[in-house]
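Listed below, chain by chain, are the residues.
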There are 2 protein chains.
Amino acid sequence: MQNFTYYAPTKVLFGRGVENDVGSALKEFSPKKVLIHYGGGSAKRSGLLGKITDSLDAAGIAWVELGGVEPNPKVQFVRETIELCKKENVDFILAVGGGSVIDSAKSAALSIGTGADPWDILTKKVEPTAALPIGVVLTIAAAGSEMSSSHVLSDLSIGMKRGLSSDLIRPKIAFMNPELTYTVSRYQTACGIVDIMMHTLERYFGSRKENPLTDRIAEGLLQTVIENGPAALAHPDDFEARGALMWASSLSHNDLTGCGGAHKGMPVHQLEHGVSGLFDNVSHGAGLAILFPAWASYMCGQDVMRFCQAAVRIWNVPMDYEHPERTARRGIEVMKDFFRSLGMPVSLREVGIGPESFDALAEAITYGYTRQIPSFVPMGRDEILDILRLAE
Amino acid sequence: MQNFTYYAPTKVLFGRGVENDVGSALKEFSPKKVLIHYGGGSAKRSGLLGKITDSLDAAGIAWVELGGVEPNPKVQFVRETIELCKKENVDFILAVGGGSVIDSAKSAALSIGTGADPWDILTKKVEPTAALPIGVVLTIAAAGSEMSSSHVLSDLSIGMKRGLSSDLIRPKIAFMNPELTYTVSRYQTACGIVDIMMHTLERYFGSRKENPLTDRIAEGLLQTVIENGPAALAHPDDFEARGALMWASSLSHNDLTGCGGAHKGMPVHQLEHGVSGLFDNVSHGAGLAILFPAWASYMCGQDVMRFCQAAVRIWNVPMDYEHPERTARRGIEVMKDFFRSLGMPVSLREVGIGPESFDALAEAITYGYTRQIPSFVPMGRDEILDILRLAE
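Rules used in this analysis
Residues numbered from 1 in each chain as written. Chains lettered and ligands numbered in written order. Predicted model: local features only at pLDDT ≥ 70, side-chain atom pairs only at ≥ 80, totals over all residues. Heavy atoms only, no water. Helix = DSSP H or I, 4+ residues; strand = E, 2+ residues; numbered from the N terminus. Buried < 20%, exposed > 50% of the residue type's maximum accessible area, 1.4 Å probe, protein only. Contact = heavy atoms within 4.5 Å. Least-squares fit on C-alpha atoms with pLDDT ≥ 70 in both. Disulfide = S-S within 2.5 Å. Salt bridge = Lys/Arg side-chain N within 4 Å of Asp/Glu carboxyl O. Polar contact = N/O pair within 3.5 Å; in protein donor to acceptor, adjacent residues only side chain to side chain. Buried area = accessible area lost by both parts, 1.4 Å probe. Axes fitted to C-alpha atoms, helices over the stretch in contact; angles between N-to-C directions. Parallel < 35°, antiparallel > 145°, perpendicular 65-115°, else oblique. Left-handed = near helix turned anticlockwise from the far one by under 90°. Nonpolar A, V, L, I, M, F, W, Y, C, P; charged D, E, K, R; others polar. Pairing = 2+ DSSP bridges. Phe/Tyr/Trp six-rings, centres within 6.5 Å; stacked < 30°, edge-to-face > 60°. Lys NZ or Arg CZ within 6 Å of the ring centre and 35° of its normal. Arc of directions from axis to C-beta. Core = buried A, V, L, I, M, F, W, Y, C linked by side-chain atoms within 4.5 Å.

Topic: the environment of Val22(A)
Residues and elements named next belong to chain A.
- Mapped onto the elements, Val 22 comes out in helix H1 (residues 22-26).
- Residue Val 22 is classed as buried on the basis of its relative accessible area, which comes to 0%.
- The spatial distance from the C-alpha of Val 22 to the C-alpha of Gly 135 is 9.2 Å, given a sequence separation of 113 residues.
- Apart from residues lying up to four places away in sequence, Val 22 is in contact with Ile 52, Ser 55, Leu 56, Leu 94, Val 137 and Phe 175.

What follows is the structure in structure tokens.
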């Protein structure tokens, strides 16, 4: 067990109808004007935005809205958002959506608070010092950004995706009604399931020292997602399954499943950001479903018993005491089967990426060969190319 | 899954040496003067208080100290604490100890903030409105008060023990070094193990509706305590075992293991407060070890499959599909065996309480027959007497 700091101050209002409590709950923060930030038009068409604005109006809280955040959100749009916030004297940002919208809101809030360009903050040229307070009405169970300290943005003009963590951007409050996720498509639900699992699995495989409580919590969360993910795909309006996924999305990424681990920076997320940074058509969840099994196959021999524990406790693979490596590898195969059963790709070729792109990917992932990514063994150009070939 | 609010804003600094960071970490709260509140002299003799005051001095934070909090802390002493705080203009209370010290600190902080007598707040004559901020340096893994919203005090002059919850008294920050618990006695360690388990088990049996993620987290936490509790008793300086218990104590009582459940007020804790309220020699943990199995035996028939799930998933009892009730009851027996293996009493007679006291206990538990305690079936005089007989 390693020393850790745990700080997850987001107040969560969870369950049916909580979107109607936005106004009364936001009074606590005494906002002068709230920016309602969202993605496509579905939040408006579904009536959700109307419920939220009614609730703000009833509480006497002024607001302004800005939709249009895209998947794999872009820094250029964050700059437009910042302009609007300044013009309108916004002092609280309410993200209505999933990870993309929340991450955009975080970037704008951090830029305004710090007084710096968002990309300068993401690329660590400027140290963030303050942020506007952020709230979330969650509509997709996936990224876990509603309780996390992290955010990720893309700059398409240079084909780069960058992430940064700061306690300054942990949302103050999150409203989570599982019913709001009933209309999430089958594909996006599956991507979300993978993303949720990865936030916990990446932390899980960061723990190489004894860490029994966090291990058990992580395993329990993963079992829950494995049981409830297919149920949500089969019955999109299954409240219990959607609810389990939604709460799992938050607990997967609020650091709970990493406490005491030796977790260093989520290696497969780092690989994936290279892929969806270069190939905008690849969803983050799909990229992870492709890359995690390849990464695991590559690293498995470095800590066979850890991969055995995962195989047995998460995937119910019987332990082969004479050949532990078979158990470890069987766990990875069962995981791939599970991703396939969700309709997720498990190879790069399924998303149209061939070996001719591997060099460009390795270059993007390593920021032009200027860094190695920490993992069981550090990943530089050669290791990344090997993993991409395993994912071919 | 029921609607819930989750709010656990305590910042946790966990691991070796964190007690030396008290001063630098408390600067965030800009305290003018800190009360260092503690129990017996061991915190001083061990050198812990010296480390804390050195750290505060180095950070330029003024402080005053007050030791002497007793187990099952008394409201009379809280009143003395309040006087000192007012005289010294204390604006931050740092509890150094376990549940008794933290609960005393919470009561004083709430009284000063609200401007009311602590017992008037505990007995709900006065609604609390504010509290001084509270920090904790934890030295016993048990009560979970370091992240919880609740506190419990006794008024010996009337033989009463009362508890109250309020988000106002959630500690702002907690310093948790498992090494500080190495010197906790075998008996108190065992009491702590039971208390930790009960905070999760009572919530677990409050969930009668589907609640898969919270169930899995609760089961994982309990398994961890069952594995690491005996290890800590066998080797008091086993860092990993002590660390698992310490983190489990916090997560058991910060509401995580109750999210989405139908949890209503911890029935066995209510029974136990009657017992240790009347019999000051009974430790809270010991009282729980006696009463929980009796309560479970009494309630088991009300939801056999829930008790089966606990038996199988927590206690590794094989499921008897033809006779589920046998599995449910076997789980309760295995739990009793576990408590016995810790050296805990599992009957009232072991702590010197005979049937002649049962009427007085039932009266105390029901506040003079003025209330019933919610559970699978509401517990009034008759039900409580039946349960006490099962615990005889």
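Now, onward.
Some points on the relation of the copies chain A and chain B
- Rotating chain A by 180 degrees and moving it 0.0 Å along the rotation axis overlays it on chain B with an RMSD of 0.0 Å. Taken together, the rotation and translation describe the operation of a two-fold axis. Across chain A, the smallest distance between a C-alpha and the rotation axis is recorded for Pro9(A), namely 1.9 Å.
- Taken as a fraction of all interface residues of chain A, those also at the interface in chain B reach 100%, which identifies the copy contact as same-surface.

Things to note about the state of the cysteines
- Following the criterion strictly, the structure yields 0 disulfides over all chains and no others.
- Between Cys308(B), a cysteine without a disulfide, and Cys300(B), which holds the nearest cysteine sulfur, the sulfur-to-sulfur distance is 7.4 Å.

Some points on the pattern of salt bridges
- What the rule picks out here adds up to 38 salt bridges over all chains.
- In this structure, the salt-bridge partner of Glu28(A) is Lys11(A), at a minimum N-O distance of 3.4 Å. In this pair, Glu28(A) sits in the loop between H1 and strand E2 (33-38) while Lys11(A) sits in strand E1 (residues 4-14), placing the two residues 17 residues apart along the sequence.
- By relative accessible area, which is 19% here, Lys11(A) ends up buried.
- Where Asp215(B) meets Arg306(B), a salt bridge forms, and the shortest distance between an N and an O atom there is 2.7 Å. Remark: Arg306(B) occurs in helix H12 (residues 304-313) and Asp215(B) occurs in helix H8 (residues 212-234); sequence separation between them is 91 residues.
- Counted as one network, the salt bridges with shared partners bring together Asp167(A), Arg170(A), Arg203(A) and Asp255(A).

Some thoughts on the side chain of Thr189(B)
Residues and elements named next belong to chain B.
- Within the secondary structure, Thr 189 sits in helix H7 (residues 186-204).
- A polar contact of 3.4 Å, which involves the side chain of Thr 189, links it to the backbone oxygen of Val 184.
- A polar contact is formed between the side chain of Thr 189 and the side chain of Arg 242, at a distance of 3.1 Å.
- Once residues within four sequence positions are removed from consideration, Thr 189 is found in contact with Val 184, Leu 233 and Arg 242.

Remarks on the interface of chain A and chain B
- Of the residues lining the interface, 38 residues belong to chain A; the matching set on chain B comes to 38 residues.
- Counting each side, the surface lost to burial between chain A and chain B is near 3,500 Å², with a carbon and sulfur contribution of 62%.
- Linking chain A to chain B there are 2 salt bridges.
- Between Glu227(A) and Arg216(B) there is a salt bridge, with the nearest N and O atoms lying 2.5 Å from each other.
- For the pair chain A and chain B, the interface holds 10 residue pairs in polar contact (both at pLDDT 80 or more).
- For the side of chain A that touches chain B, the elements supplying multiple residues, two or more each, are E1, helix H8 (212-234) and helix H9 (239-253) of chain A.

Some points on the packing of helix H4 (residues 75-88) of chain B against helix H5 (residues 99-114) of chain B
All names here are of chain B.
- H5 packs onto H4 with a crossing angle of 55 degrees between their chain directions and a minimal axis gap of 9 Å. With respect to H5, the element H4 is oriented oblique. Judged by the twist between their axes, the crossing of H4 over H5 is right-handed. Of H5, the residues touching H4 (which contributes Val 78, Thr 81, Ile 82 and Cys 85) are Ser 104, Ser 107, Ala 108, Ser 111 and Ile 112.
- Per-class residue counts for the contact of H4 with H5 are 5 nonpolar, 4 polar and no charged.

Regarding the sheet that holds strand E2 (residues 33-38) of chain B
- The mixed open sheet is built from 12 strands, whose spatial order is E3(A)-E2(A)-E4(A)-E5(A)-E8(A)-E1(A)-E1(B)-E8(B)-E5(B)-E4(B)-E2(B)-E3(B). Each edge of the open sheet is held by one strand with a lone partner, namely strand E3 (62-66) of chain A together with strand E3 (62-66) of chain B. Looking at each pair of strands side by side, their axes are set apart by 25 degrees on average, direction ignored.
- Looking at chain direction, strand E5 (residues 134-138) of chain B and strand E8 (residues 173-176) of chain B are connected through 4 bridges and run parallel. By the bridge assignment, Leu138(B) is partnered in E8(B) with Met176(B).
- In this fold helix H5 (residues 99-114) of chain A packs onto E2, strand E4 (92-97) and strand E5 (134-138) of chain A, with an angle of close to 165 degrees to the strand it touches most, E4(A).
- Packing against the sheet, H9(A) makes contact with E1, E5 and strand E8 (173-176) of chain A together with strand E1 (4-14) of chain B, and its axis sits at approximately 145 degrees to E1(A).

What to know about the packing of aromatic side chains
- Taken as a whole and assessed by the stated rule, the structure comprises 30 aromatic pairs over all chains.
- On the numbers, 5.6 Å between centres and 40 degrees between planes, the contact of Phe29(A) with Phe92(A) is tilted. Separated by 63 residues along the polypeptide, Phe29(A) in the loop between H1 and E2 and Phe92(A) in strand E4 bring together distant segments of the chain.
- Taking the relative accessible area as the measure of exposure, Phe29(A) reaches 26% and is therefore partly exposed.
- By relative accessible area, Phe92(A) is classed as buried at 0%.
- Taken together, a centroid distance of 5.8 Å and an interplanar angle of 35 degrees make the contact between Trp295(B) and Phe376(B) tilted. Taken together, the positions of Trp295(B) in helix H11 (residues 284-299) and Phe376(B) in the loop between helix H14 (358-365) and helix H15 (381-390) put the pair 81 residues apart, joining distant regions of the chain.
- Residue classification places Phe376(B) among the buried residues on the basis of a relative accessible area of 10%.
- Residue placement shows Arg306(B) over the ring face of Tyr204(B); its charged tip is 4.3 Å from the ring centre.

Observations concerning helix H14 (residues 358-365) of chain A
All names here are of chain A.
- Looking only at H14, the buried set comprises Phe 358, Leu 361, Ala 362, Ala 364 and Ile 365. Each buried residue of H14 sits inside an arc of 165 degrees when the element is viewed along its axis, so together they form one side.
- If you follow the buried residues of H14, they end up packed against helix H10 (267-278) and helix H15 (381-390).
- With its phi angle positive at about 50 degrees, Tyr 367 sits one or two positions after the end of H14.

A short note on the packing of H14(B) against H15(B)
Residues and elements named next belong to chain B.
- With their axes 9 Å apart at the nearest point, H14 and H15 run at an angle of 130 degrees to one another. One finds that H14 runs oblique with respect to H15. Here H14 and H15 pass one another in a crossing that is right-handed. On H15, the residues touching Phe 358, Asp 359, Leu 361, Ala 362 and Ile 365 of H14 are Arg 381, Ile 384, Leu 385, Leu 388 and Arg 389.
- A breakdown of the residues in the contact of H14 with H15 according to their chemical character gives 7 nonpolar, no polar and 3 charged.

Observations concerning the pairing of E2(A)
Residues and elements named next belong to chain A.
- The buried count for E2 comes to 5 of 6 residues, which makes it a mostly enclosed element.
- Here E2 runs beside E3; their pairing, made up of 5 bridges, is parallel. By the bridge assignment for E3, Val 34 is matched with Trp 63.
- Examined bridge by bridge, E2 and E4 share 5 bridges and lie parallel to one another. The residue of E4 that forms the bridge with Leu 35 is Ile 93.

What about the nonpolar core?
- Counting residues in hydrophobic clusters, the biggest one holds 231 residues, and the most contacted among them are Trp247(A), Trp295(A), Phe339(A), Trp247(B), Trp295(B) and Phe339(B).
- Discounting chain neighbours no more than four positions away, the residues touching Trp247(A) are Val12(A), Phe14(A), Met147(A), Met1(B), Phe4(B), Tyr6(B), Leu213(B), Thr214(B) and Cys259(B).

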